[in-house]
Amino acid sequence: MCGRFQFTCENNPKLAEKICQLKQDYPQYSISTGEIFPTNSALVAFEQQEKIVIGIQYWGFPHFKKSNVIINARAETITQKKLFQDSFLHRRCAVLSSGFYEWDTQKQKYFFYDSDHSYVYLGGIYQTFGQIDKFVILTTPANQSISDIHHRMPVLIPRKQLISWLTDTDQALQMIQNKQPLLQRQVV
């Protein structure tokens with residue numbers, strides 16, 4: 001499961017500039033940075049009119065229990081679940097993050113990140129509810145860098161495969177079955 005992730009752009013002036021532009025273009029949206037919680041807004045990459053764009057979406061599909069949201073979807077059943085199937089086939093996204101958090105059974109919090117401290121793209125899908133785009137993060141069984149802490153982890157999209165993830169359903173189906181890259185971790 002992925003219940004929180006982190007997004008910072010302090011070491012990326014180009015991305016910081018993009019955030020400033022998005023704030024001007026969409027003043028009705030806030031752009032969350034730091035630790036991102038369910039229902040917060042986040043930056044996501046997605047395909048729009050045959051171009052890859054970065055936009056703002058909110059984390060969590062509405063749940064049938066009005067007070068809850070659905071934040072994750074299992075990659076193994078993504079094409080079988082009615083709520084997620086169409087989004088996976090037509091509306092995939094990649095959530096920009098600096099890494100994500102998981103907790104062990106003793107409630108110790110860990111931060112997982114790429115060894116070169118570059119962005120980690122979390123595989124997701126989105127839908128429009130009302131006039132607001134909302135995403136969920138796809139999860140898969142944890143690899144050896146995470147499995148002693150938690151049994152699930154986000155599907156990670158390598159930067160060089162980002163365009164394929166967003167535009168090619170056959171490639172996306174393959175990616176959700178791929179072995180996930182190993183990550184670094186630190187106790188938080």
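Our subject in this report is the structure included herewith. (Residues numbered from 1 in each chain as written. Predicted model: local features only at pLDDT ≥ 70, side-chain atom pairs only at ≥ 80, totals over all residues. Heavy atoms only, no water.)

### So, the environment of Gln6
Then step 1. Within the fold, Gln6 resides in strand S1 (residues 4-7).
Then step 2. Sequence spacing of Gln6 and Asp104 is 98 residues, and the spatial spacing of their C-alpha atoms is 18 Å. (Helix = DSSP H or I, 4+ residues; strand = E, 2+ residues; numbered from the N terminus.)

### A short note on the sheet that holds S1
Then step 1. Taking strand neighbours across the sheet as the criterion, the five strands line up as S2-S1-S9-S10-S15 in an open arrangement whose pairing is antiparallel. What marks the edges here is a single partner per strand, and that holds for strand S2 (34-36) and strand S15 (184-187). Across the sheet, the axes of successive neighbouring strands diverge by a mean angle of 30 degrees, strand direction being ignored.
Then step 2. Bridging between strand S9 (residues 99-103) and strand S10 (residues 109-113) involves four bridges; their strand directions are antiparallel. Bridge pairing in S10 links Glu102 to Tyr110. (Pairing = 2+ DSSP bridges. Axes fitted to C-alpha atoms, helices over the stretch in contact; angles between N-to-C directions.)

### Notes on the environment of Gln186
Then step 1. Within the fold, Gln186 resides in strand S15.
Then step 2. Note: C-alpha distance between Gln186 and Gly130 (56 residues apart in sequence) is 39 Å.

### Quick notes on the packing of aromatic side chains
In this description, an aromatic ring pair is defined by two values, namely the gap between the centres and the angle between the planes.
Then step 1. Evaluated as defined, the whole model comprises ten aromatic pairs.
Then step 2. With centroids separated by 6.1 Å and ring planes inclined at 35 degrees, the aromatic side chains of Phe61 and Phe84 adopt a geometry described as tilted. Of the two residues, Phe61 sits in strand S5 (residues 61-62) while Phe84 sits in helix H2 (residues 82-90), which places them 23 residues apart along the sequence.
Then step 3. When the centroid spacing of 5.1 Å and the interplanar angle of 45 degrees are considered together, the rings of Tyr101 and Phe111 count as tilted. (Phe/Tyr/Trp six-rings, centres within 6.5 Å; stacked < 30°, edge-to-face > 60°.)

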